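So you can see what is in the structure, the chains are spelled out below.
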Amino acid sequence: MAEIETCFNNLCIAKRSTHTTEDLTYLLDIDCLKVPTGQSSQLVAVSCSNHCVRVYNKQTLTLVQQFQGHTSPISGIRFAQTSDQLLFSASCDGTVKCWDVRSPCTDAAQTYKGYPNNVFISFDISCNDLIICAGTEKVKEDTFMVFWDARRGTNAISPGGREPLGVYSETHNDDITQVRFHPSNPNKVASGSTDGLVNIFDISQETEDDALLATCNSDSSVSFVGWSGKELEQIFCMTHDEGFYLWDLAHLHNDEPITLMKIHDARESLKLDSGNLDYLIGGFYHGNTEKLLVLGGTQTGKLHLLNCDAGSLAHLCTLRDRHSAVVRAFHWDSEDHSLLTCGEDAQLFLWKPDATELTAERKTLMKLPSDVHRKMRVHYKNKCDMQTTPHT
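This report concerns the structure included in the present document.

Helix and strand counts for the protein come out as five helices and 30 strands. For the protein, the accessible area works out to roughly 16,700 Å², and carbon and sulfur atoms hold 46% of it.

Here it is in structure tokens:
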């Protein structure tokens, strides 16, 4: 544990995106290009509240490419894991698009369309890049997990894009806010919903009933789902009211309890020496130390690292630098021990151990939260647009 604390305690902002605080575009989601073990990722993508996707050079955070093809808020972005050039994005406009980050062309290389009235608010792609799955907002009584074959030339083509393979429609009864494929098993996928359920499926099975392996209940609207554990047989989720839950799927067929942790509100249960916790951002499994770590934040952009252990969340450290507003997403790179964060202050930060501090001028720019935050506060008409509203 001392190794983790030392690593994160020494993180400082090494680079920041070239966009200034005058650019009031929220940065909502983040992903890095997967590269062979021993190499560090060189491209990072972020989704923006103006419906575009930006691609940056990771080491310099200079803008490499910008894609503008969606007509509604973007609900997620993912780099392909077996290719060094493909990036996928899902949107509330009812499409998933594939972009070629190595091409000078900014048009989508491929579009995957849903069924009429589909509004995609979550998505993921399998670890072998063969299957795409997107979760929909509930329309009338319907909510779907929509699947496509991601390989070119395999799906039926229509004027609006490639048609789905099919859907799961029986296991959730409200908005599907999270879809997360297993990191190493392409047939296993988890979904989370505002109905409070986290479902785990084996999509190699012929029917939805046969595919459903387990249902875990958080009793609250699910905001984040992830895989954990040495064998990646654990699933955890966070909720929109800052709850945290951890289940062990290895205990599905024995007498051991499946629920390892159940925290209704991390803001109340967590003891911090350095301020407060306003929200949970996400979590990741730290393979070197075999620990599940959670990142949380404050309305003013401070970041807290938490350790998930012994049935509770414990404070490990608070990063010394900060954003100036709510942090929406992060990516931890275990190869070079770097952290990428982005959020409502329109900034993308690269954190590295013992990095050179920013100049005084740069630090001053970071401390402009009140005016920026006030200007960015926009009212939206539907649930899909809530993807771009501030945390409260």
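Turning our attention to the environment of Ala250. Its location among the elements puts Ala250 in the loop between strand S22 (244–248) and strand S23 (259–263). Take Ala250: its relative accessible area is 36%, and that puts it in the partly exposed class. Considered as a pair, Ala250 and Gln234 are 16 residues apart in the sequence and their alpha carbons are 7.4 Å apart.

With antiparallel pairing, four strands are arranged side by side in an open sheet as S16-S17-S18-S19. With partners counted over all chains shown, the strands left at the sheet margins are strand S16 (176–181) and strand S19 (212–217), one partner each. Taking the axes of each pair of neighbouring strands and ignoring which way they run, one obtains an average angle of 15° across the sheet. Of the pairings in the sheet, the one linking strand S18 (residues 197–202) to S19 comprises five bridges and is antiparallel in character. By the bridge assignment, Phe201 is partnered in S19 with Leu212.

Now for the sheet that holds strand S15 (residues 166–168). Strand pairing within a sheet occurs via backbone hydrogen bonds; the two strands may be parallel or antiparallel. Spatial strand order, S10-S11-S12-S15: four strands in an open sheet with antiparallel pairing. Two strands in the sheet have a free side with no partner beyond their single neighbour: strand S10 (120–125) and S15. Averaged over all neighbouring strand pairs, the angle between strand axes comes to 25°, with direction disregarded. Sheet topology places strand S11 (residues 131–136) next to strand S12 (residues 145–149); five bridges connect them, and they run antiparallel. Residue Cys133 lies in a different strand from S12, and its bridge partner there is Phe147.

This part is about the nonpolar core. The biggest cluster of nonpolar side chains holds 22 residues, and the ones touching the most others in it are Phe8, Leu305 and Trp351. Mapped onto this core, the elements with two or more residues apiece are helix H1 (2–9), strand S1 (11–16), strand S24 (279–286), strand S25 (291–297), strand S26 (303–309), strand S27 (312–318), strand S28 (327–333) and strand S30 (348–353). Not counting chain neighbours up to four residues away, the residues in contact with Phe8 comprise Phe284, Leu293, Leu305, Cys317, Leu319 and Trp332. Among the nonpolar cores identified, the runner-up in size contains 17 residues, and Phe236, Met238, Leu246 and Leu292 belong to it.

This brings us to the packing of aromatic side chains. Within this structure, the stated rule accounts for 13 aromatic pairs. Seen from their ring centres, Phe147 and Tyr168 are 4.9 Å apart, and the 65° between their planes marks the pair as edge-to-face. Note that Phe147 is positioned in strand S12 and Tyr168 in strand S15, a separation of 21 residues in sequence. No difference in accessibility class separates Phe147 from Tyr168, as the two residues are buried. Feature note: the residues Phe8, Phe284, Phe330 and Trp332 constitute an aromatic cluster, connected by ring pairs. When the ring centre of Phe224 is taken as origin, the NZ or CZ atom of Arg180, which lies over that ring, is 5.7 Å away.

With that settled, the discussion passes to unusual backbone geometry. With glycine set apart, most residues show a phi of negative sign, and most peptide bonds adopt trans. With phi around 75°, His51 is a residue other than glycine that occupies positive phi space. Relative to the helices and strands, His51 is located in the loop between strand S3 (43–48) and strand S4 (52–57). With a relative accessible area of 21%, His51 lands in the partly exposed category. The backbone of Glu290 shows a phi angle near 55°, a positive value even though the residue is not glycine. If you trace the backbone, Glu290 turns up in the loop between S24 and S25.

Rules behind the numbers
Residues numbered from 1 in each chain as written. Predicted model: local features only at pLDDT ≥ 70, side-chain atom pairs only at ≥ 80, totals over all residues. Heavy atoms only, no water. Helix = DSSP H or I, 4+ residues; strand = E, 2+ residues; numbered from the N terminus. Areas by Shrake-Rupley, 256 points an atom, 1.4 Å probe, with all protein chains shown as cover. Buried < 20%, exposed > 50% of the residue type's maximum accessible area, 1.4 Å probe, protein only. Pairing = 2+ DSSP bridges. Axes fitted to C-alpha atoms, helices over the stretch in contact; angles between N-to-C directions. Core = buried A, V, L, I, M, F, W, Y, C linked by side-chain atoms within 4.5 Å. Contact = heavy atoms within 4.5 Å. Phe/Tyr/Trp six-rings, centres within 6.5 Å; stacked < 30°, edge-to-face > 60°. Lys NZ or Arg CZ within 6 Å of the ring centre and 35° of its normal.

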